[in-house]
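Below are the chains, spelled out letter by letter.
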Amino acid sequence: MELIKPTLYMMFMIMITSLSMQQKHLMVALMCVETMMLILFTLLVIFTSTTMTMSQIPMPTILLTVSVCSAAVGLSLVVAITRTHGSDFLKNLSLL
């Protein structure tokens, strides 16, 4: 159990680094964000199960719900951008 937490922290830092270095596809950036949300969900479940506090039991479910909603919005944005611009390359988008 003690090896899981540092591994998840390291995975989270790798995902932050990957997100900051990724500058080609919008879909890959969204996948990095979703992976970070799943890592946070796992850490929150581990924290909630080890502390046994009743006030924090619904928090993993709320985080997972927000993550699913953001994934749906991100996927719809990728579809809309692909239809209007022809690809999901970030260099083709005018972000202003």
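As the structure is a prediction and not an experimental result, all values here were calculated from the model.

Undergrad: Can you walk me through the overall build of the chain in this structure?
TA: Each helix and strand counted, the chain has three helices and zero strands in total. Going from N to C terminus, the chain has its helices and strands arranged as α-α-α. For 96 residues, the compact-globule estimate of 2.2 N^0.38 gives 12 Å, and the chain exceeds it by more than 25% at 16 Å. Each principal axis of the C-alpha atoms in the chain carries an extent, and together these give about 50 × 25 × 20 Å. Counting every position in the chain, which comprises 96 residues, the buried fraction comes to 23%. For the chain, restricting intrachain contacts to residue pairs at least 6 apart in sequence, the fraction spanning at least 24 positions comes to 57%. Carbon and sulfur atoms make up 76% of the accessible area of the chain, which totals about 6900 Å².

Undergrad: Could you clarify how one ought to interpret the nonpolar core in this entry?
TA: Soluble globular proteins: nonpolar side chains tend toward being buried together. Core analysis: the largest hydrophobic core is formed by eight residues, namely L8, F12, M15, C32, M36, I39, L43 and I46. Elements that contribute at least two residues to this core include exactly α1 (4–21) and α2 (26–51). If sequence neighbours within four positions are ignored, M15 has contacts with C32, T35, M36 and I39.

Scoring rules and cut-offs
Residues numbered from 1 in each chain as written. Predicted model: local features only at pLDDT ≥ 70, side-chain atom pairs only at ≥ 80, totals over all residues. Heavy atoms only, no water. Helix = DSSP H or I, 4+ residues; strand = E, 2+ residues; numbered from the N terminus. Rg over C-alpha atoms; globule rule 2.2 N^0.38 Å. Buried < 20%, exposed > 50% of the residue type's maximum accessible area, 1.4 Å probe, protein only. Contact = heavy atoms within 4.5 Å. Areas by Shrake-Rupley, 256 points an atom, 1.4 Å probe, with all protein chains shown as cover. Core = buried A, V, L, I, M, F, W, Y, C linked by side-chain atoms within 4.5 Å.

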